[in-house]
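# Geometric and topological summary
Take a look at the letters that make up each chain.
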Amino acid sequence: MDNRQEVREFLTTRRARITPDQAGLPTTGSRRVPGLRRSEVATIAGLSVEYYARLERGQIAGASTGVLDALARALQLDDTERAHLFDLARAADGIPVSGRPRRRTPGKAASRLSLQWTLEAITDGVAFVRDSHQNLLATNTLGRAFYSPVLGDGGRTPNLARFQFLDPASRDFYPDWELFAQMCVGIMRAEAGRDPHDRGLQDLVGELSTRSETFRQLWADHNVRTHCSGTKRFNHPVVGELTLAYEELAITAEPGLVLLVYTAEPGSPSAERLQLLASWAQTPTTSS
């Protein structure tokens, strides 16, 4: 991915979304551009117009922490967006990805017996391991039942982004499909900023951009987000609607991999349906 283009498009899209009112500026005269003018961002950030224009052209290499912080405040970036801006600046400076060691092959890392034992020890919730490419690398027993629409009949490693944008079944599985699509792309955008030379992620973005107009439009928005905790709704083909809380945990022994756990509120209809799904998962398949 072209770092200068990424910086340019990120800054211009952030600038375009802020109105003068939001920035505390007077709205006088006609405006030819949406959002703030370059000169207004420069003034708020305490930078010269020439220097900010250079930054917005993608020439962010060498920008100090103070400059980046001022820019983040002026553009009203949230924590995830601020981290993304710093990641883009580190990439422009040629700094290794957050000082992380070289990652091991994700598939091999996720196949460690102790990690699989950990997953299987979680019996009342959906537990799975995901990598930065949205690959579903390992699950517990309930997770395999839960993600049966994604796992399919085997073949290549199941991928949550491909399922989201290329499989029509995702629109039934995700009642809030548009929200899930935005979340998926935002997470991938943030990861691309952290590691712009990730060939696997580049290939996935290229594939989805070619095959999905929705993905292409969302990718062009340059929105970023993290996926730490919250609540999601699902419509499972076996047990119906589920409202589940999720927690994402970094696997420190395997940089780039995360453990996600979905649980239901105790005593809720979703908890009962999740127990029903667990029973269904334990039922032996009878062959004819």
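Residues numbered from 1 in each chain as written. Predicted model: local features only at pLDDT ≥ 70, side-chain atom pairs only at ≥ 80, totals over all residues. Heavy atoms only, no water.

Throughout the structure, instances matching the rule amount to 19 aromatic pairs. With a centroid separation of 5.7 Å and 85° between ring planes, the pair formed by F180 and F234 is classed as edge-to-face. One end of the pair, F180, is in helix α13 (residues 177-194); the other, F234, is in strand β3 (residues 229-236), and 54 residues separate them in sequence. With a relative accessible area of 6%, F180 lands in the buried category. The class of F234 is buried, set by a relative accessible area of 0%. (Phe/Tyr/Trp six-rings, centres within 6.5 Å; stacked < 30°, edge-to-face > 60°. Helix = DSSP H or I, 4+ residues; strand = E, 2+ residues; numbered from the N terminus. Buried < 20%, exposed > 50% of the residue type's maximum accessible area, 1.4 Å probe, protein only.)

To continue, consider unusual backbone geometry. One non-glycine residue, Q134, lies in the positive phi region at around 70°. Assignment of secondary structure puts Q134 in the loop between β1 (126-130) and β2 (136-139). The phi torsion at H222 lies on the positive side, around 60°, for a residue other than glycine. With respect to the helices and strands, the residue H222 is situated in the loop between α15 (213-220) and β3. With relative accessibility at 1%, the residue H222 sits in the buried group.

It is at 9 Å that the axes of helix α3 (residues 38-45) and helix α4 (residues 49-56) come closest, and there the two elements cross at 110°. Taken together, the axis directions place α3 and α4 in an arrangement best described as roughly perpendicular. Crossing geometry of α3 relative to α4 is assigned as right-handed. Facing α3, whose interface residues are R38, S39, V41 and A42, α4 presents V49, Y52, A53 and E56. Each residue belonging to the contact of α3 with α4 can be placed in one class, and the counts come to 5 nonpolar, 1 polar and 2 charged. (Axes fitted to C-alpha atoms, helices over the stretch in contact; angles between N-to-C directions. Parallel < 35°, antiparallel > 145°, perpendicular 65-115°, else oblique. Left-handed = near helix turned anticlockwise from the far one by under 90°. Contact = heavy atoms within 4.5 Å. Nonpolar A, V, L, I, M, F, W, Y, C, P; charged D, E, K, R; others polar.)

Turning next to the pattern of salt bridges. The full count for this structure, using the stated rule, is 17 salt bridges. Residues E191 and R194 are paired through a salt bridge, measuring 2.8 Å at the closest nitrogen-oxygen approach. Linking E191 with R194, this pair stays in helix α13, spanning 3 residues, or about one helical turn. Classification of E191 as buried rests on a relative accessible area of 8%. Overlapping salt bridges, with partners in common, bring together R14, R17 and E81 in one network. (Salt bridge = Lys/Arg side-chain N within 4 Å of Asp/Glu carboxyl O.)

So, about the nonpolar core. One broad rule of soluble globular proteins: the nonpolar side chains tend to lie buried together. If you look at the biggest cluster of nonpolar residues, it comprises 41 residues, and the most contacted ones within it are F146, Y147, F165, Y174, M188 and Y262. If one sorts the elements of this core by residue count, α13 sits on top with 8 residues. Leaving out residues up to four positions away in the same chain, M188 has contacts with Q134, A161, L201, L204, V205, L208, F215 and W219. (Core = buried A, V, L, I, M, F, W, Y, C linked by side-chain atoms within 4.5 Å.)

Neighbouring strands of a sheet are bound in pairs by backbone hydrogen bonds; such pairs are parallel or else antiparallel. Taken in spatial order, the 5 strands make up an open sheet running β2-β1-β5-β4-β3, and their pairing is antiparallel. Every other strand in the sheet has two partners, leaving β2 and β3 as the edge strands with one partner each. The mean angle between the axes of side-by-side strands here comes to 30°, regardless of whether they run parallel or antiparallel. Where β1 lies against strand β5 (residues 258-263), 5 bridges are found, and the strand directions are antiparallel. (Pairing = 2+ DSSP bridges.)

Our focus in this paragraph is the pairing of β3. When β3 meets strand β4 (residues 240-250), the two strands line up antiparallel, connected through 8 bridges. Within β4, the position partnered with S229 by the bridge is E247. Adjacent in sequence and paired antiparallel, β3 and β4 are bridged by 3 residues.

Along the polypeptide, K232 turns up in strand β3. Despite being buried, K232 has no salt bridge partner; E248 is the closest side chain of opposite charge, sitting 7.7 Å away. Once you skip the residues sitting within four places of it in the chain, K232 turns out to touch F180, M183, H227, L242, T243, L244, Y246 and Y262. (Lys, Arg positive; Asp, Glu negative; His and termini not counted.)

Here the focus is helix α14 (residues 199-211). Relative to the 18 Å expected for 13 residues at 1.5 Å per residue, α14 spans 18 Å between its end C-alpha atoms, a close match to the ideal helical length. Within α14, burial applies to L201, Q202, L204, V205, E207, L208 and S209. Between the side-chain oxygen of the N-cap and the backbone nitrogen of G200 there are 3.1 Å, and the N-cap of α14 in question is D198. (Expected span 1.5 Å × (residues − 1). Polar contact = N/O pair within 3.5 Å; in protein donor to acceptor, adjacent residues only side chain to side chain.)

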